[in-house]
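Residues per chain, in single letters:
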Amino acid sequence: PNRVARAANTTSIFPTGVDEQFIAYHVARARGGVGLSILEAASVHDSSVLSYRVDDSTCRGYEKLMQAVRPHGMRVFQQLWHGGHHIPGFGGRLPWAASDVPSPFTGLVGLPMGRAEIAEIVAAFAQAARRCQHAGLDGIEIHGGHGYLIQQFLSPLTNTREDEYGGSLENRMRFALEVLTAVRGAVGPEYPVGIRLSTSTAVGNL
C-alpha cells in the first residue's frame, strides 16, 4: 500500500532486547504506514556485541513482534551485524577483526581472525539468518558498511592481511561473499537477503 521503508538505526529503547517497549515502537511505525522496517543491528557472535544478539530469547521476541505488526501489513527485516575492531565483545573481550589496525573511534586493536575464526563468523551469520527466518521475520539485511567487520575486510585501509583474504580486491571480497553464500544456503532461494554497503572504502563514519 505504500513505498515507505525505514532503514535500520539504533533506537536504544530496549533494556533486554526485543521486549514490549521495542515491539510498541515498531507497532507505532506500522500504524503510521511504514511498509518495511529494518530492525537495528543485531550481533551474530559474542566477539562483538552492540545491542542484542540473535538468540532464543530474541527469537521469542520476534514472534511477538510479528504477531503485533501483521495486522498493519508492515514487513520486517533484521539487520545482522559484527562490529569488528570498533566494538568489544561480550564481557569486554577484545573484538575479532580483519587485521591488527586500530579502530579510529575506540582505539581498540582487535584480534586478527584466522581461518577458524573466519569460518566461525561465517557460520554465525548463517545461523542468525536461519533463526530470523524460523521466527517469522520477512527477510534480513547483512551489514557490510559503516566501517564494521565486513567493510574492514573489503577496505585496503583496514585489511592488511597477506593470505587469501587480503591484497587484491578479489581476495578482500572473499569474506563478504562467503557470508552471503552461507546465509543464502541457510535460508533457501526465496527468502529475501540484502546487504548494506558503504560507497567508500573510508571507515570514518559509523
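Residues numbered from 1 in each chain as written. Predicted model: local features only at pLDDT ≥ 70, side-chain atom pairs only at ≥ 80, totals over all residues. Heavy atoms only, no water.

Assigned secondary structure in the protein consists of six helices and seven strands. Along the protein, helices (α) and strands (β) appear in the sequence β-α-β-α-β-β-β-α-β-α-α-α-β when read from the amino end. Relative to the globule expectation of 17 Å for 206 residues, the C-alpha radius of gyration of the protein, 17 Å, shows essentially globular dimensions. The principal-axis extent of the C-alpha atoms belonging to the protein is close to 50 × 35 × 30 Å. Pairs at least 24 apart in sequence give 69% of the contacts found in the protein among residues at least 6 apart. By element, 54% of the accessible surface of the protein is carried by carbon and sulfur atoms, the whole surface being about 9,400 Å². In the protein, 18 side chains carry a positive charge and 18 a negative one; their mean positions are 7 Å apart. (Helix = DSSP H or I, 4+ residues; strand = E, 2+ residues; numbered from the N terminus. Rg over C-alpha atoms; globule rule 2.2 N^0.38 Å. Contact = heavy atoms within 4.5 Å. Areas by Shrake-Rupley, 256 points an atom, 1.4 Å probe, with all protein chains shown as cover. Lys, Arg positive; Asp, Glu negative; His and termini not counted. Charge placed at Lys NZ, Arg CZ, Asp CG, Glu CD.)

Attention shifts here to the packing of aromatic side chains. Per the stated rule, a full pass over the model turns up four aromatic pairs. Plain terms: the ring middles of Phe22 and Tyr52 are 5.8 Å apart, the flat faces sit at 85° to each other, and that makes the pair edge-to-face. In this pair, Phe22 is assigned in helix H1 (residues 20–31) and Tyr52 in the loop between strand E2 (36–43) and helix H2 (56–69), connecting sequence segments 30 residues apart. Given the relative accessible area of 0%, Phe22 is considered buried. Residue classification places Tyr52 among the buried positions, given a relative accessible area of 4%. Ring pairing ties together the aromatic residues Phe153, Tyr165 and Phe175, which thus form one cluster. (Phe/Tyr/Trp six-rings, centres within 6.5 Å; stacked < 30°, edge-to-face > 60°. Buried < 20%, exposed > 50% of the residue type's maximum accessible area, 1.4 Å probe, protein only.)

To continue, consider unusual backbone geometry. At His146, a position not held by glycine, the phi torsion is positive, near 55°. Relative to the helices and strands, His146 resides in the loop between strand E6 (139–143) and helix H4 (149–154). A relative accessible area of 18% means that His146 is categorised as buried.

Counting residues in hydrophobic clusters, the biggest one holds 47 residues, and the most contacted among them are Tyr62, Leu80, Phe125 and Phe175. Elements supplying a minimum of two residues to this core: H1, E2, H2, strand E3 (75–81), helix H3 (115–134), E6, H4 and helix H6 (174–187). (Core = buried A, V, L, I, M, F, W, Y, C linked by side-chain atoms within 4.5 Å.)

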